[in-house]
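# Understanding the architecture of this molecule
If you want the building blocks of each chain, they are given just below.
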Amino acid sequence: MRIKTAAALCVALIASTAMPAFAEVANDDNTLAIVESFDNISFARDKLEIDNRLEYWAPVIETLLTLMPDGSYAPNLATEWSYNEDNTVLTLKLCEGVMFTDGAPFNADVVKANIEFLRDGTGQNVWMAKSISDFEIVSPTEIKLILSEPDPALIRSLAFVGGAMASPNTLGPNEVDSLPVGTGPYVYNADLSVPSRQYVYTRNDQYRNPDLFPFDRITVTPMSDISARVNALKSGQVDVISAEPQNVPDAEANGFRVTRNPVDWMGLFLADRDGETNPAMADVRVRQAINMSIDRDSILKYVDLGYGVVTDQVFPKTSESYIPELEDNYKYDPEKAKALLAEAGYGSGLSLTLPEIPYFARYNAILEQQMSDVGVNIDWVKVAPNAYLQNVRSGKFGVFLMKLSSQSDWIDIKQLVAPDGAWNPLKTNDPRIVELMDQIKTTNGDEQIAAYQAVNRYLVENAWFAPWYRPEQIRLNSPSIIEESIPGSVVTFPRFYKKAP
């Protein structure tokens, strides 16, 4: 699994320089010119990535399903999908008559080949296909995916890398990793493109739904320097950039559109729920007191300039796990926090050890002050920036700061709270969580939603985390471009860029 903010954290800490200047293809009224923070790595089918790098392959390579801006799923190369009774077989019905731009037909054999190639590959998103153990091809337009166990994340995966369909001629030992070939609305123009400078995509004249895509051409330019990105937008060289909250006032004053998408959640991991690194953390009253000691509103206002949504939950509003009334669970209340600490036997004070790195330094002073106000002292331990993720995920620290992306309910649960989850570093093994995860895997509809919400309620009431807010991912667009964001992704698909009326 790729954790978007964790990967971005490593990149930010290592420090990067601006990419070279633009290639020769200029922006115009029929071009959608996008700047991305990170360069493309590969077009190889098994190495495709999500988030920022989705912009490089999505114009060409379509997915089986589409994640819509409202969080629902819509048909794409698959027209229908349904599970069997125990959620171990997913049946897909496919579009008829679709061709790849190299002339290969799209059919059930191609779906099987793509998923197998991803599952058996070496890319960071191979996990999206790992639950698929076998296939049954019913007809050229119908295939059954047979699962080794129920996988509630599979539908979302099929709307991203898990369902990306590349030409079968690009799969195998001689696959082409520099030339994507798909069924999508655009064709990669290798003659006009200059890798690491500018990637150019021109309209696929044979595409079946051209009206969904108003631009004749898309260009994607990697540029890591934020100042360079803003200047490129202001000069009209590009239409879409990623930005920071401090860029918003100037952008709005100059008439640019601002897209705000709360992809991540920011806050404290209270990972030591069994008291292995600090016995106090095993007491739920201590973890609840930590939640109540934090003035989330003030941190959001003064550190992230108000660009975010305060929350007590690790699940976003667009998720099935989200419960509105849980947002009032941990109001800022230093007196109640002190009372809970006293009940737990820590009325005279408590010390916590947290790792310290420059990336989170802007939060340190205000967090330290608010915690000390209730009698909790923070001992900061400096950690090398490029070793932070290794340190916190290895269980060395029972409490730590993190900004982490939310993807789907099931992916988040598996990563955050499953006994073997990557973001459950001290491997808390709670029987109630295990029981609820089993319910999620084996149910559908309202029963499954109830199980998701039961997990969320359990996590909030037992203070497994201390979320502060969901910082908003900022995207700036030229006045002529409307961008519709999708849940859990820092970028959107080409389908959701429109020309302003």
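Structural data are supplied above this passage.
Residues numbered from 1 in each chain as written. Predicted model: local features only at pLDDT ≥ 70, side-chain atom pairs only at ≥ 80, totals over all residues. Heavy atoms only, no water.

### Digging into the sheet that holds strand β5 (residues 89-94)
Heads up, the condition is: Strands were regarded as paired on the criterion that DSSP finds at least two bridges between them. Secondary structure elements are defined from DSSP: runs of H or I of at least 4 residues count as helices, runs of E of at least 2 residues count as strands, and each element is numbered from the N terminus. Axis lines are fitted through C-alpha atoms, for helices just across the contact stretch, and the angle between N-to-C directions can take any value from 0 to 180 degrees. Any two residues having at least one pair of non-hydrogen atoms within 4.5 Å are treated as being in contact.
Spatial strand order, β4-β5-β7-β6: four strands in an open sheet with antiparallel pairing. What marks the edges here is a single partner per strand, and that holds for β4 (78-83) and β6 (132-139). Taking the axes of each pair of neighbouring strands and ignoring which way they run, one obtains an average angle of 20 degrees across the sheet. Sheet topology places β4 next to β5; five bridges connect them, and they run antiparallel. Note on β5: the bridge partner recorded for E80 is K93. Taken strand by strand, helix α3 (residues 108-119) contacts β5, β6 and β7 (142-147), and its axis lies near 170 degrees from that of β6.

### Digging into the sheet that holds strand β14 (residues 308-310)
Judged by pairing direction, the sheet is antiparallel, and its four strands sit side by side in the order β14-β18-β13-β17 without closing on themselves. The two strands at the open ends of the sheet, each matched to only one other strand, are β14 and β17 (399-405). Sheet twist, expressed as the mean angle between neighbouring strand axes with direction ignored, is 25 degrees. On top of the sheet, helix α7 (residues 284-292) reaches β13 (264-270) and β18 (465-471); it is set at about 140 degrees to β13, its chief contact. Along the sheet, helix α10 (residues 361-372) makes contact with β13, β17 and β18, crossing β17 at roughly 130 degrees.

### Here we look at the pattern of salt bridges
The test is simple: Every case where a carboxyl oxygen of Asp or Glu lies within 4 Å of a side-chain nitrogen of Lys or Arg is listed as a salt bridge. The buried label applies to any residue whose accessible area, calculated with a 1.4 Å probe on protein chains only, is under 20% of its type's maximum; exposed applies above 50%, and partly exposed to all values in between.
By the definition in use, this model includes 20 salt bridges. For R208, the salt bridge is made with E62, and the minimal N-O distance between the two is 3.0 Å. One end of the pair, R208, is in the loop between β9 (199-203) and β10 (217-222); the other, E62, is in the loop between α2 (54-57) and β2 (65-67), with 146 residues separating them in the sequence. The class for R208 is partly exposed, based on a relative accessible area of 30%. Accessibility expressed as a relative area gives 6% for E62, which makes it buried. For the salt bridge of E356 with K382, the shortest nitrogen-to-oxygen distance reads 3.7 Å.

### Some points on the packing of helix α12 (residues 409-416) against helix α13 (residues 431-442)
Quick note on the threshold: Comment on the angle field: the value is read as roughly parallel under 35 degrees, roughly antiparallel over 145, roughly perpendicular from 65 to 115, and oblique elsewhere. Left-handed describes a crossing in which the near helix is turned anticlockwise from the far one by less than a right angle; the clockwise case is right-handed. Under the scheme applied, nonpolar residues are Ala, Val, Leu, Ile, Met, Phe, Trp, Tyr, Cys and Pro; charged residues are Asp, Glu, Lys and Arg; polar residues are all the others, including Gly.
Running from N to C, α12 and α13 cross one another at 150 degrees; their axes reach a closest spacing of 12 Å. The angle between α12 and α13 places the two elements in the roughly antiparallel class. The element α12 and its partner α13 pack so that their crossing is left-handed. Two secondary-structure elements touch here, α12 through W410, I413 and K414 and α13 through M437, I440 and K441. Its residues assigned to classes, the contact of α12 with α13 shows four nonpolar, no polar and two charged.

### Let's talk about empty space enclosed by the protein
Stated formally: Buriedness of a pocket was judged along seven lines, with at least five required to meet protein on both sides within 12 Å; pockets are open sets of points on a 1 Å grid over the protein atoms alone, cavities are sets where a 1.4 Å probe fits but cannot get out, and lining residues have an atom within 4 Å of a point. Grid points are joined across faces, edges and corners, and a volume is the space filled by probe spheres set on the points.
Overall, the coordinates contain five cavities of 30 Å³ or more when judged by the stated rule. Volume-wise, the largest cavity comes out at about 70 Å³. The wall of the largest cavity is formed by I50, D51, W127, M128, R156, F160, Q407, I411, G488 and S489. The class makeup of the residues in the lining of the largest cavity is five nonpolar, three polar and two charged. The space that makes up the second largest cavity amounts to roughly 50 Å³. Together, N291, D312, V314, Y330, N456, L459, V460, F465 and P467 line the second largest cavity. Mapped onto the lining of the second largest cavity, the elements with two or more residues apiece are α14 (445-461) and β18. At three residues, the largest contribution of residues to the lining of the second largest cavity is made by α14.

### Comments concerning the packing of α7 against helix α9 (residues 334-343)
The geometry of α7 relative to α9 is characterised by a closest axis approach of 8 Å and an angle of 165 degrees between their N-to-C directions. The pairing of α7 with α9 is recorded here as roughly antiparallel in orientation. For the element pair α7 and α9, the recorded crossing hand is left-handed. Across the interface between the two elements, R285, V286, Q288, A289 and M292 from α7 touch P334, K336, A337, L340, L341 and E343 from α9. By residue class, the composition of the contact of α7 with α9 is seven nonpolar, one polar and three charged.

### So, α12
A large share of α12 lies buried, amounting to seven of its eight residues. All of the buried residues in α12 are D409, W410, I411, D412, I413, Q415 and L416. For α12, the secondary structure elements touched by its buried residues are β13, β17, α13, α14 and β18.

### Section: the nonpolar core
What counts here: Put simply, buried Ala, Val, Leu, Ile, Met, Phe, Trp, Tyr and Cys residues joined by side-chain atoms within 4.5 Å make one nonpolar core.
Membership of the largest hydrophobic core comes to 73 residues, with the highest contact counts inside it found for L268, L367 and W468. Once you skip the residues sitting within four places of it in the chain, L268 turns out to touch I290, I294, L354, L367, V399, F400, L401, F465, A466 and W468.

### Considering the environment of A190
Here A190 shows up in the loop between β8 (186-188) and β9. A relative accessible area of 46% means that A190 is categorised as partly exposed. Separated by 10 residues in sequence, A190 and V200 have C-alpha atoms that sit 7.5 Å apart.

### Overview of the environment of R257
What counts is decided by this rule: A 3.5 Å cut-off defines polar contacts: any pair of N or O atoms within that distance qualifies, except that in protein one atom must be a possible hydrogen donor and the other a possible acceptor, and neighbouring residues in sequence count only when both atoms are side-chain atoms.
Counting through the fold element by element, R257 comes out in strand β12 (residues 257-261). Judged by its relative accessible area of 33%, R257 falls in the partly exposed class. Between the C-alpha atoms of R257 and D274, which are 17 residues apart in sequence, the distance is 47 Å. Aside from chain neighbours lying at most four places away, what touches R257 is R475, L476, N477, S478, P479, I481, I482 and A500. Polar contacts involving the side chain of R257 include one to the main-chain carbonyl oxygen of P479, which spans 2.9 Å. Only 3.3 Å separates the side chain of R257 from the backbone oxygen of I481, close enough to count as a polar contact.

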